[in-house]
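Okay, here's what each chain looks like letter by letter:
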Amino acid sequence: MPLHMKDNIAEAARKLLMEKNVKKLTVKDIVEECQITRQTFYYHFQDIPELISWVLERETEKLRSEAQAQEDPENRLKFFFAVSLNAMPYIKRSMLTNYRDEIGRILLEHFRRMIEESEEGKELARRCSQAQFDLIVRYHSMAILGIFGSWTEEDTKHQDEIVHQIYQMINNGIRLQP
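The text that follows walks through the structure, step by step, so that each part is easy to find. Here the structure is a predicted model, which is why all the values come from computation and not from measurement. (Residues numbered from 1 in each chain as written. Predicted model: local features only at pLDDT ≥ 70, side-chain atom pairs only at ≥ 80, totals over all residues. Heavy atoms only, no water.)

Another aspect to go through is the packing of helix H5 (residues 73-95) against helix H8 (residues 130-149). Following both chains from N to C, one finds H5 and H8 inclined at 60°, their axes separated by 10 Å at the closest point. Considering their axes alone, H5 and H8 lie oblique with respect to each other. Helix-helix and strand crossings are classified by hand; for H5 and H8 the assignment is right-handed. The residues of H8 that touch H5, namely those facing Phe 80, Phe 81, Ser 84, Leu 85, Met 88 and Lys 92, are Ile 144, Ile 147 and Phe 148. When its residues are assigned to classes, the contact of H5 with H8 shows seven nonpolar, one polar and one charged. (Axes fitted to C-alpha atoms, helices over the stretch in contact; angles between N-to-C directions. Helix = DSSP H or I, 4+ residues; strand = E, 2+ residues; numbered from the N terminus. Parallel < 35°, antiparallel > 145°, perpendicular 65-115°, else oblique. Left-handed = near helix turned anticlockwise from the far one by under 90°. Contact = heavy atoms within 4.5 Å. Nonpolar A, V, L, I, M, F, W, Y, C, P; charged D, E, K, R; others polar.)

Here it is as structure tokens:
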């Protein structure tokens, strides 16, 4: 039952962000939307950033699992971009709320973990010092976050080409001798 309630709370937050266009997401709004008490919300989540982190963690786990089923690293990256771009309206609306900084930090951490846990990231970790690895992963995480933040309709038309270019840049960076 608790997981079901967490899902209900998450859906209420999504609905408020996407359908009601709230700028300031509050616990009060969420509990009213899903008709629960504040105590119930706080039983499941410490605060709204924890709720958002929980949602991103669940979605990231699904994404990682589905991406691993792709036949090669470039197709995994294409899949990652396609799913991320589908989630972009939710992410952009979330970034307009009073939790923008926390959400940005959470997204950056998820991109970082996805790179670190990829086969290419593991190979890079074997060949680099920890400091070099951290710098390269941080660089690529920030780059991906920046690309998503400035994505346009024109980019969507050329999505496969852009993903191929990004893959080539990442792959060439991984092949560099540390």
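Okay, back to it.
This next bit is on the pattern of salt bridges. If you walk through the whole model with that rule in mind, you get six salt bridges. For Asp 7, the salt bridge identified is with Arg 58, shortest N-O distance 2.2 Å. In this pair, Asp 7 is assigned in helix H1 (residues 2-18) and Arg 58 in helix H4 (residues 48-68), connecting sequence segments 51 residues apart. A relative accessible area of 30% places Arg 58 in the partly exposed class. For Lys 28, the salt bridge goes to Glu 32, with nearest N and O atoms at 3.2 Å. Of this pair, Lys 28 and Glu 32 both sit in helix H2 (residues 27-34), four residues apart, roughly one helical turn. According to the relative accessible area criterion, Glu 32 is partly exposed, its value standing at 49%. (Salt bridge = Lys/Arg side-chain N within 4 Å of Asp/Glu carboxyl O. Buried < 20%, exposed > 50% of the residue type's maximum accessible area, 1.4 Å probe, protein only.)

The subject of this paragraph is H8. Here H8 contains 20 residues, and its C-alpha end-to-end distance of 28 Å stays within 8% of the 28 Å for a straight helix at 1.5 Å per residue. Within H8, the full set of buried residues consists of Phe 133, Val 137, His 140, Ser 141, Ile 144 and Phe 148. Buried residues of H8, seen end-on, are gathered within an arc of 105° and therefore sit on one face of the element. Turned more than 90 degrees from where H8 packs its buried face, Ala 131, Arg 138, Tyr 139 and Gly 149 sit exposed. (Expected span 1.5 Å × (residues − 1). Arc of directions from axis to C-beta.)

What follows deals with the packing of aromatic side chains. Applying the stated criterion across every chain, the model contains four aromatic pairs. Plain terms: the ring middles of Phe 41 and Tyr 42 are 5.2 Å apart, the flat faces sit at 90° to each other, and that makes the pair edge-to-face. Ring centres 5.9 Å apart and planes at 45° place the aromatic pair Phe 41 and Phe 45 in the tilted group. Owing to a relative accessible area of 1%, Phe 45 belongs among the buried residues under this scheme. Of the aromatic side chains, those joined through ring pairs into one cluster are Phe 41, Tyr 42, Phe 45 and Trp 54. (Phe/Tyr/Trp six-rings, centres within 6.5 Å; stacked < 30°, edge-to-face > 60°.)

Turning to the packing of H4 against H5, a few remarks are in order. Two elements in contact, H4 and H5, have axes whose closest approach is 9 Å; the angle formed by their N-to-C orientations is 145°. Between H4 and H5 lies a crossing of right-handed hand. On H5, the residues touching Leu 63, Glu 66, Ala 67 and Gln 68 of H4 are Arg 76, Phe 79, Phe 80, Val 83 and Ser 84.

Mapped onto the fold, Gln 159 is located in helix H10 (residues 159-175). Residue Gln 159 is classed as buried on the basis of its relative accessible area, which comes to 16%.

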